[in-house]
Each structure stands twice: as structure tokens, then as C-alpha cells.
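Geometric and topological summary
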Amino acid sequence: MTQRRLLRPQEILPLVGLPDRARTLTQRRLDRCASVWDVRRMALRRAPRAVFDYVDGAAMSETSLRRSREAFRRVEFTPRVLRDVADVDTSIETLGGRNALPFLLAPTGFTRMLHTDGETAVARVAAEKGIAYGLSTLGTTSIEELAAASPDTRRWFQLYVNRDRARPEDLMHRAGAHGYDTLILTVDTAVGGIRRREVRNGLTIPPQLTVGTLAEMALHPRWWFDVLTTEPLSFASLSTTGGTVGDLLTRVFDPGITGEDVAWIREHWSGRVMIKGIQSLEDARIAADLGVDALVLSNHGGRQVDMGNAPLELLPEVAAAVGDRVEVYLDGGIMSGTDVVAAVALGARGVLVGRAYLYGLMAGGEDGVRRVLDILEKEVRTTMQLIGARTVDEVRQAEVRLRPTLR
Ligand SMILES: Cc1cc2nc3c(=O)[nH]c(=O)nc-3n(C[C@H](O)[C@H](O)[C@H](O)COP(=O)(O)O)c2cc1C
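Residues numbered from 1 in each chain as written. Predicted model: local features only at pLDDT ≥ 70, side-chain atom pairs only at ≥ 80, totals over all residues.

**Quick word on the site of the ligand**
The environment of the ligand is formed by 25 residues, the closest being Ala106, Gly109, Gly301, Gly354 and Arg355. Of all the secondary structure elements, the ones that give two or more residues to the shell around the ligand are α4 (49-56), β11 (350-353) and α17 (355-387). When residues in the shell around the ligand are grouped by element, the largest group, 3 residues, is from α17. Class assignment of the residues belonging to the shell around the ligand gives a composition of 10 nonpolar, 11 polar and 4 charged. (Near = placed C-beta within 6 Å. Helix = DSSP H or I, 4+ residues; strand = E, 2+ residues; numbered from the N terminus. Nonpolar A, V, L, I, M, F, W, Y, C, P; charged D, E, K, R; others polar.)

**Concerning the packing of helix α6 (residues 118-129) against α17**
The interhelical angle for the contact between α6 and α17, taken along N-to-C directions, is 15 degrees, at an axis separation of 10 Å. In terms of orientation, α6 lies roughly parallel with respect to α17. Read as a crossing pair, α6 and α17 show a hand that is right-handed. Residues Ala121, Val122, Arg124, Val125 and Lys129 of α6 touch α17, and the partners they reach there are Tyr357, Leu361, Gly365, Glu366, Val369, Arg370, Leu373 and Glu377. (Axes fitted to C-alpha atoms, helices over the stretch in contact; angles between N-to-C directions. Parallel < 35°, antiparallel > 145°, perpendicular 65-115°, else oblique. Left-handed = near helix turned anticlockwise from the far one by under 90°. Contact = placed C-beta atoms within 7 Å.)

**Some words on the pairing of β11**
The two faces of a sheet get side chains in turn, since along a regular strand they alternate between them. Burial of β11 is two-sided: the residues Gly350 and Leu352 facing one way and the residues Val351 and Val353 facing the other way are all buried. Two elements, strand β4 (residues 103-105) and β11, share 3 bridges in a ladder whose sense is parallel. Looking at β11, one finds that Leu104 is bridged to Leu352. Of the strand pairs in this sheet, strand β10 (residues 327-331) and β11 are connected by 3 bridges, and their pairing is parallel. Looking across to β11, one finds that Asp331 is bridged to Leu352. Between β10 and its parallel partner β11, the chain crosses via helix α16 (residues 337-345), and the hand of that crossover is right-handed. (Buried ≥ 20, exposed ≤ 12 C-beta atoms within 10 Å, placed from the backbone. Pairing = 2+ DSSP bridges. Right-handed = clockwise from strand over helix to strand, strands pointing away.)

**Topic: unusual backbone geometry**
Despite not being glycine, Leu82 shows a phi value in the positive range, around 55 degrees. Relative to the helices and strands, Leu82 is located in the loop between β1 (75-78) and β2 (92-94). By C-beta crowding, Leu82 is classed as exposed, having 6 other C-beta atoms within 10 Å. A positive phi is found at Met307, a non-glycine position, where the angle reads about 60 degrees. Looking at the secondary structure, you find Met307 in the loop between β9 (294-297) and α15 (311-322).

Okay, here's the thing in C-alpha cells:
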């Protein structure tokens, strides 16, 4: 027979989970997020709908984004066991520097709209983690401000080429002078993609105060308080505004750029060059022939062409064809550390993550970015240990395949 008795108060007390008063409410909510998807849900509650949709959305039917994400569900590892995986080294060599993890932070535009901490917060967390961060031409923090705010971050600069070449030339010189070591030339943006959520939400740059937005204020007072009490939102490297981001891309940037412009870039930029937005084997070969240092298989997170292919599915043949001449990276659809490991196992030197850290920024500013990177880091490390890989080089030798179907 079970002997029953009531617990004494001093026996009950240790069982009560009291909130850690040293952590803010936001930090405690972030602590309870178990995945990047959970952080995304928190971002949905915290940010105005139009802002969330600017990040979360993609072009037209959003099929390119869906495909990019679904491709990761086809990954199948054959794990190896009975290996000593007590110590795991997650670092990679990338464009002449060490990156503590096999992923880095993709350039994203209009970042301060998501949270007033913006790019400087992202850069600070990148430095803590020992990974690189790409500042966008459409950034809301200038080249100089970011360098001053986070001198220890390995900084890359992403270039969109204006019709007026004096502007990109100036940006390249300033980025070079302020310690940015790699130029990311984005080439999938001949014109802006058609992002329907932005049209439906009436999201313009800068955001307009309308009756709708005033109603939104009541639902998201913290976001509006930040916007109305900090530096006005504007592009740091662009004087043109108005319309959606897609409209802006079409109006300001040059649809006429070709491979020949790489030679022009070399005249103004002495660092490494990475071409971002390659979506076919043929273009990967052309990029390698141009002598760039790296390419990113990317469909811009599905924000440009709709019905495009999934970078992950293209990766093995591209890595096999040009991987000995140019560093091959991948982005699009990465929402977990397992996705990162899978991309590396299938041939990527490393990956770029975009939305994942932006969800963190919307959910909790700098703390949110930190939480996302903590989650990704833990998932990378754990996946490596569970497939029996002690180093990223061993991940490259791991047995992995893409199953023919999603099951
Ligand atoms: C809100 C947002 C803004 C972006 N802005 C830029 C940009 O200014 N320049 C650029 O080259 N890519 C930009 N991208 C694309 C990212 O660099 C990256 O290719 C993409 O986010 C990867 O897919 P993922 O978001 O699924 O990780 C942007 C992506 C998002 C989500």
C-alpha cells in the first residue's frame, strides 16, 4: 500500500518554477522558444502584420520559397555511431577567414523597420558567435556606423548596382576603407520580384501612417513607440524612397549588369568577391570562369522569381562541377541547424541564413537574434554529434542523400 502524506511547504517550494528575475519578460519568452519556428510565432505576435509579412513573404505564389524549404525535408542522413564525438569543431574556413559555425548572416534590407536595434544588434551577436555578417546596400545603418558600432564583427558588404555607377563605386571604396573584406554582388535582382503581401498590406518604404496603421498601433504599441522615438527609418546608402521594396529595386538598380561588370568591380574593390543569386549549373560555370572567389546558390529566399528551383537540389551537381575553382555557398529556406549540416553534407562550404535571424530581431531585438543563433548553433552541434561527425570536414564525408519524395 502506498503511504500518503502532505508535503511540507519547504518541500514544495523547490518544485515551484519561479521566473528568473534577472531575465526580462522578452528573454524568458525567448528562452521558451524551442525552434526558429517558435521564434517566428513570437515575431508574428510582436511585429505589425505588414512588417512581419515583409520578412515572411516571398514572390507571387511563394512557390520558390516553399520549394526551397521543402527540399530540406527530403534530406536523409545515414548516421555513424561508435565514434568519439565528445569534442566537436563546428568552424569552417571561409574566404580567407575562420567562421566559428558553418553559417553566416545574409544581407537583408530595411532591417531597422523590424526592430529599432537593426543592423548594429545583428552585427554584435555575429561578433559574439564569431561569424560573418553582410550589410545590405538597402541597409538602414551606414557602412561607417556599423563598423564603429561593431568593430570586431567580420563584415561583408552586399552591392546592388545603381544605374548611376558613381554611387556603387563610392560604396565599394567606403566599405573597403572601413574593413569590410568581402563584396557580395547580388545578381538575381534584374528587377524587383512581385511580393503580393506588400501590395495587399500597402507596405511602402518608408511606412506610411494611414488609418490602418493607426489601428495597428493599438495592437503593437511597443513597435510604434520605438519607431516614433528613435532615429527616423531610412536607407543609409540610398536617397530614393517610395513604393514597395520591389518597386524600388526596379527603379534604382541597373537591369543591364552582366558578367563584364565583375572587371569593373575589381577596379574599385580589392577584397574578395562573392556572386549571390546563381540558380543554374550553367551560370555557376560562368561565375567560376569570371574568377570570382565564391558563389551563392540562391533564389533570394524565393523573393524574386516565382516557380524557381530549390537551391539545395541544385547543390550537389554545382559543387561537383565548380567546387574546386570557387567556394560554393547556399541560402534559402534554412530554418534549423540540421538544414545547415545537410547543405554542407551535400556540398556547400557554408550557408547564409536570412529570415531565421530576422524573426529573432522582430521577436526580441538583439536578444531575439541571440536566441536564434543559440538554437541554430545547438542544432548544428547536436546533429554533427548524432551523425558521427567531429569536424565540418567529416560532415562533408557523411553519407547523405535527397530522398525522391517528402516522406
Ligand atoms: C526581408 C529580407 C530582405 C532581404 N534583403 C536583401 C538585400 O537587401 N540584398 C540581398 O542581396 N538579399 C536580400 N535578401 C535575401 C537574403 O540575403 C537571402 O538570400 C535569403 O533571405 C535567404 O533565404 P532565407 O530567408 O530563407 O534564409 C533579403 C531577404 C529578406 C527575407
